[in-house]
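Structural features, examined
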Amino acid sequence: MLLPEKYILRRWAKNAKQARAFDPTTGSYVHADPGHSLMSRHRMLSYAASDLVDEGSLTDARSTFLLSEFQSLRIRVKDIDTGGDVGMSRNRNKSREETQVVRNPNPVRAKGCGKRLKSRKEKALSQSNRQCSACGTSGHDRRTCPTL
């Protein structure tokens, strides 16, 4: 009742776009580790920050404490980039500028919609203004001429 996984190509699966990222330095797609990709780290940090904001917004004391801690955390995070690797923050901003957006292709029109395609012969017959060689009028030829 089930098809084996080896017969289903990854590009036809619902999760085909996951765990692939475009690397502009090499010009190819790289299989990204889901735990270490930029989007997964961003999602995880956003969720944690959202929980803190929800808890901190309940009282004034919590919100002022959380604001001061966010400011100190911002300074500490910037120090990590400058202390560990000086070019890290520049490389991160550079990679954001070089990131190319890959969008889904335009949908293809379904079969059966639109007009019928004409062959060259049909196009030539409909565009030509031939006349009968016997009587000189158009609309018929010598074989079907009513005067002969």
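The rules behind these values
- Residues numbered from 1 in each chain as written.
- Predicted model: local features only at pLDDT ≥ 70, side-chain atom pairs only at ≥ 80, totals over all residues.
- Heavy atoms only, no water.
- UniProt positions renumbered as here; feature names shortened; annotations may be inferred.
- Helix = DSSP H or I, 4+ residues; strand = E, 2+ residues; numbered from the N terminus.
- Salt bridge = Lys/Arg side-chain N within 4 Å of Asp/Glu carboxyl O.
- Disulfide = S-S within 2.5 Å.
- Buried < 20%, exposed > 50% of the residue type's maximum accessible area, 1.4 Å probe, protein only.

**Points about the UniProt feature "domain: CCHC-type" (unreviewed entry) in the protein**
When the UniProt feature table is mapped onto this chain, "domain: CCHC-type" (unreviewed entry) is found at residues 132–146. With 0% helix and 0% strand, the stretch residues 132–146 has end C-alpha atoms that lie 10 Å from each other.

**Some details on the pattern of salt bridges**
Enumeration over the complete set of coordinates arrives at two salt bridges. Put simply, Arg62 and Glu55 hold a salt bridge, and the shortest N to O gap is 3.5 Å. Where Arg143 meets Asp141, a salt bridge forms, and the shortest distance between an N and an O atom there is 3.0 Å.

**Thoughts on the environment of Glu55**
Tracing the backbone shows Glu55 in helix H1 (residues 38–56). As a C-alpha pair, Glu55 and Leu66 span eleven residues in sequence and 9.5 Å in three-dimensional space.

**Quick look at the state of the cysteines**
Applying the stated criterion across every chain, the model contains zero disulfides. The closest cysteine sulfur to the non-disulfide-bonded Cys132 is located on Cys145, 3.7 Å from its own sulfur. Assessed through its relative accessible area of 4%, Cys132 is described here as buried. Using a relative accessible area of 8% as the deciding quantity, one classes Cys145 as buried.

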